Amino acid sequence: MTRCLLLAALLALPLAATIAGPARADIDETVIVPSEAHSSVDQQTAITYARELIAAGQMDAAIKQLSEFVASHPAASDAERFLGDLYYREGKLDRAEAVYRALLAANPHDKETHNRLGVVYATQNRVDDAIAQFESALPGTDSIRDLVLMHLRKGDLPQYEAQMVGAATDHPTDADTQEELGEIYGTLHRPAEAIVYFRRALDTDSHSIAALNGVAMAYLDLHDHASAAHYLHDCLNIDPFNYACIDNLGVAEIQAGANGDALNDFKRAHRLEPERPEALVNFGYLADLEGDWKRAVTYYVQAIAVNPYVPESYINLGIDYEHNGLYPLAQAALIKGVAAAPYDGRVRYLLARAYAAQGQKALALAQLKAAQTSLDPDVAEIAKEETARLLGSASTAPQ
C-alpha cells in the first residue's frame, strides 16, 4: 500500500515549503512501437513504452499499443495483466474482467491476477465474488485491506478479524499470517496493534517488503517519521524500485519537514509507475502547501484520470474547492468520490460539508450518518459532532 497525503482538517498539516512541480514528460516518436516491430520487443519493454505514453497523458494510445502487443504475444502474461489494469483504470470493467479471467484460465494460481479480478468485482459490488478472489490472492499480494472492506460491506467484519487473530495465535512464526493481521489492524486504524504483528512478521522474515512497508505506514499514522523512514530505507535496500516504499518515504520526509527530499521521492515514484495516482496526489499536496491550490487541483484531476477509484484524489480536490468557496464544484467532485469509494467516511463527511454550505441540511445529515460508520474513529467522531451542530442549528432557527 502507498500513502496519499490529505489536506483535511482531520490530519495535521506539515510546514509549508517552496517547491517546483514536476514537468510532464514529452512523448517522443521513438517510443511508439509499430505493429510490425512487436515481434522483436519483449513484454517489459512494451510495458515501459505504455508507461511513457501514460506519463505523456496518452492513455488511449498506451492501451492501443499494448493491446496490439498482447494480441501478437499470447504468452506475455505480465503485459496482458497490465493491459487489464489499464482497462480497469479507464472504467472498462467488462474488458478488464475478460483479460483477468483469460489469464486465470491459463494459470489458476496467478495470485496477482486473482487480486486484480477481486478489485473489479469489488468495484461492481459483487462482494462474495470479490472475497473469493482476494482470498485466492493470499499470501503475497496486497489483498488484506480489500478483504477488510469487503467484510465490512458484508457485515461480518468482527468474525473475519477474530478468524485472523486465531490464525496468528496458532501460527506465531508464520510471517505471512502475522503480516496479514498487521494489515488488518492498519486498515482498522489501530496502528499500535499493527506494529506488533508487522514486527513479529519481520522477526521471522526480515526481508518481507509487505511487512517493512506496513510497519512504516503504521508509524506514519503515529507521526513517528523517524521510525517509518528507518523501515522504508530497509525496504529500499532490498528493492530499490519499490513504488510504495519510495512514495511512503516521501510522506515520512514531509512529516520531518524535508519537503524538497519528499518531492524528489514522489518524482521518482511517478517515473517508475505513472499509471498510479498516489504520487500525483502528493504532488498536489505539496503544491497546496506552497499556496498554489490551482496547480494542486490539476494534479488531483490527473490522479483521477489515471485511476478514478482512489478516494484521496476526490478528498483533496473537494477540500481545495470548499476552502475557496466553490461548493458546487466540491459537491460534484465528492459525489464522484462516493461512487468510487462508497464506504469511505472522509468523502461522505466532506460531501456533507458541501451540502450544508449550500443550505441542503437533509442531504448533509444523510452523508454524515454514513460517515459515522467510518473505520477511522476520528472521522466518525467528527461526523457525530457535525450532526449535532446541524441539528442544533435547525432547532434554534427562527420559526
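None of these values were measured; they are calculated from a predicted model.

Take the overall build of the chain next. Across its full length, the chain holds 21 helices and zero strands. For the chain, the residues scored as buried account for 51% of the 399 residues in total. Considering only contacts in the chain between residues 6 or more positions apart, those separated by 24 or more positions represent 54%. Of the roughly 17,700 Å² that the chain leaves accessible, carbon and sulfur atoms contribute 52%.

To continue, consider unusual backbone geometry. Following Leu138, the chain continues into Pro139 via a peptide bond in cis, with omega recorded as -10°. Within the secondary structure layout, Pro139 lies in the loop between α6 (127-136) and α7 (144-154). Of note in this structure, His223 is not a glycine but carries a positive phi near 60°. For His223, the position within the fold is in the loop between α11 (209-221) and α12 (225-238).

Applying the stated criterion across every chain, the model contains one disulfide. Between Cys235 and Cys245 runs a disulfide, and the two sulfur atoms are separated by 2.1 Å. Linking Cys235 and Cys245, the disulfide has an S-S dihedral of approximately 90° and is accordingly described as right-handed. Of this pair, Cys235 sits in helix α12 while Cys245 sits in helix α13 (residues 243-255); the two residues are ten residues apart in sequence, bridging distant segments of the chain.

What follows deals with the packing of helix α9 (residues 175-187) against helix α10 (residues 191-204). Closest axis-to-axis distance for the α9/α10 pair is 7 Å, and the angle between their directions is 165°. Classed by the angle they form, the pair α9 and α10 counts as roughly antiparallel. α10 is crossed by α9, and the crossing has left-handed handedness. Contacts from Ala175, Gln178, Glu179, Leu181, Gly182, Glu183, Tyr185 and Gly186 of α9 reach α10 at Pro191, Glu193, Ala194, Tyr197, Phe198, Arg200, Ala201 and Thr204. The residue makeup of the contact of α9 with α10, split by class, is eight nonpolar, four polar and four charged.

Here we take up the side chain of Thr187. Here Thr187 is to be found in helix α9. The exposure class assigned to Thr187 is buried, which follows from its relative accessible area of 9%.

The next thing to look at is the confidence of the model for the chain. With 89% of its residues at a pLDDT of 70 or more, the chain shows a mean pLDDT of 89. In this model residues 8-40 is a low-confidence stretch, pLDDT under 50, and it forms 60 contacts with partners more than four residues away in sequence or in other chains.

What follows concerns the pattern of salt bridges. Considering all chains together, one arrives at 21 salt bridges under this definition. Between Asp110 and Arg81 there is a salt bridge, and its shortest N-O distance comes to 2.9 Å. On the criterion of sequence distance, the pair formed by Asp110 in the loop between α4 (93-106) and α5 (111-123) and Arg81 in helix α3 (residues 77-89) is long-range, its members being 29 residues apart. With relative accessibility at 11%, the residue Arg81 sits in the buried group. Glu161 is the partner of Arg190 in a salt bridge, and the nearest nitrogen-oxygen pair spans 3.2 Å. In this pair, Arg190 sits in the loop between α9 and α10 while Glu161 sits in helix α8 (residues 157-170), placing the two residues 29 residues apart along the sequence. Taken together, the salt bridges that share partners define one network made up of Arg51, Glu273, Glu275, Arg276 and Glu278.

Where two aromatic rings form a pair, the distance of their centres and the angle of their planes describe that pair. Scanning the model with the defined rule gives five aromatic pairs in all. Aromatic side chains Tyr88 and Tyr309 sit 4.4 Å apart centroid to centroid with 35° between the ring planes, which places their arrangement in the tilted category. A residue pair is termed long-range when its members are at least 10 positions apart, and Tyr88 in helix α3 and Tyr309 in the loop between α16 (293-306) and α17 (311-323) qualify at 221 residues. Judged by relative accessible area, which is 9%, Tyr88 ranks as buried. Each ring, one from Tyr219 and one from Tyr231, has its centre 5.9 Å from the other, and the planes form 10°; the classification is stacked.

About the cut-offs
- Residues numbered from 1 in each chain as written.
- Predicted model: local features only at pLDDT ≥ 70, side-chain atom pairs only at ≥ 80, totals over all residues.
- Heavy atoms only, no water.
- Helix = DSSP H or I, 4+ residues; strand = E, 2+ residues; numbered from the N terminus.
- Buried < 20%, exposed > 50% of the residue type's maximum accessible area, 1.4 Å probe, protein only.
- Contact = heavy atoms within 4.5 Å.
- Areas by Shrake-Rupley, 256 points an atom, 1.4 Å probe, with all protein chains shown as cover.
- Disulfide = S-S within 2.5 Å.
- Axes fitted to C-alpha atoms, helices over the stretch in contact; angles between N-to-C directions.
- Parallel < 35°, antiparallel > 145°, perpendicular 65-115°, else oblique.
- Left-handed = near helix turned anticlockwise from the far one by under 90°.
- Nonpolar A, V, L, I, M, F, W, Y, C, P; charged D, E, K, R; others polar.
- pLDDT = per-residue confidence, 0-100.
- Salt bridge = Lys/Arg side-chain N within 4 Å of Asp/Glu carboxyl O.
- Phe/Tyr/Trp six-rings, centres within 6.5 Å; stacked < 30°, edge-to-face > 60°.

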